[in-house]
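# Observations on chain architecture
Below, each chain spelled out in residue letters.
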Amino acid sequence: MSVLPPEGEAVDFKFEAEEAEFTLIDGSHPQVETAANASGGRSIGYLDRANSGMTWEIHSSAAVTAELTFVMSSSNFLDYENDFANVWPLLSPQPLKTPDGGDIITFTVNGQAVEVPDAVVKTDEDGHLVVTNDNPPPEGGINGSVNMAWHEVSFGTVQLQEGKNTITIMLNSLNAANTATCPNIDFFTLTVADAFLSWFTAE
Ligand SMILES: [Ca+2]
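These numbers come from a predicted model, not from an experiment.

### Some points on the overall build of the protein chain
Within the protein chain, the secondary structure is distributed over zero helices and 19 strands. By residue count, 37% of the 203 residues in the protein chain fall in the buried class. For the protein chain, the share of sequence-separated contacts (at least 6 apart) that also reach a separation of at least 24 residues comes to 72%.

Written as structure tokens, this is what we have:
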């Protein structure tokens, strides 16, 4: 049996991103990756194909407003400020919007498009959280591989309904080379009061 948290008290409910249903393109984009520093030892990567993406189904015991936070890492070897030029092996900060404001992903809750945050996932442990396009990180990035450092990215508030809720992230096609990519995803949290959240399972 599920037990409700104390009345009025905000509680974080954590969901591992790798439990998603995938919309695959080219057979393996996106895919679950093993990452020693990821929650549960796994995360989602290869978010680099237009019209690929993920769906998560969450059950809520009540209609509530939730704070949604994704935990993401840069997986980006493309300089987003230079038309996504390949800068391998320099790991670069990874944005959710292009410099001209285009959305790299489409984010929906229960079929409704929700504003994508103007956030850039930084590359290193010192970066903390995110910076915005108005306050970009230093140029160049750092040597290394992906999934070096996980950062919280606030997606703001979303409206959940009683029962089943469907959350999706789908990749957009933003340039001819289809190289505008989404940061890797470890898990997400939904912070709510007066509701119990869990994975949705069919009765
Ligand atoms: Ca995970």
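What follows picks up the thread again.
### Focus on the nonpolar core
Membership of the largest hydrophobic core comes to 44 residues, with the highest contact counts inside it found for Phe70, Met72 and Ile105. Contacts of methionine 72, omitting those with residues within four sequence positions, involve Val121, Trp150, His151, Val153, Pro183, Asn184 and Ile185.

### Let's talk about the environment of glutamate 7
Relative to the elements of secondary structure, glutamate 7 occurs in the segment before β1 (10–16). In this structure the C-alpha to C-alpha distance between glutamate 7 and alanine 195, which are 188 residues apart in sequence, comes to 9.0 Å.

### Focus: the environment of glycine 101
Examined against the element boundaries, glycine 101 turns out to sit in the loop between β10 (94–95) and β11 (105–109). Looking at glycine 101, the number of C-beta atoms within 10 Å reads 9, which means it is exposed. For the pair formed by glycine 101 and aspartate 118, sequence separation is 17 residues and the distance between their alpha carbons is 8.0 Å.

### As for the confidence of the model for the protein chain
Scored by pLDDT, the protein chain has a mean of 84; 82% of the residues are at 70 or more. Segment residues 127–144: pLDDT under 50, and 40 contacts once partners within four positions in sequence are set aside and those in other chains are kept.

### Comments concerning the environment of aspartate 48
Take aspartate 48: it is sitting in the loop between β4 (42–45) and β5 (53–60). On the neighbour-count criterion, aspartate 48 (19 C-beta atoms within 10 Å) is partly exposed. Along the backbone, aspartate 48 and isoleucine 104 are 56 residues apart, and their C-alpha atoms lie at a distance of 10.0 Å. Not counting the four nearest positions on each side in its chain, aspartate 48 is found in contact with His29 and Thr181.

Conventions used here
- Residues numbered from 1 in each chain as written.
- Predicted model: local features only at pLDDT ≥ 70, side-chain atom pairs only at ≥ 80, totals over all residues.
- Helix = DSSP H or I, 4+ residues; strand = E, 2+ residues; numbered from the N terminus.
- Buried ≥ 20, exposed ≤ 12 C-beta atoms within 10 Å, placed from the backbone.
- Contact = placed C-beta atoms within 7 Å.
- Core = buried A, V, L, I, M, F, W, Y, C linked by C-beta atoms within 7 Å.
- pLDDT = per-residue confidence, 0-100.

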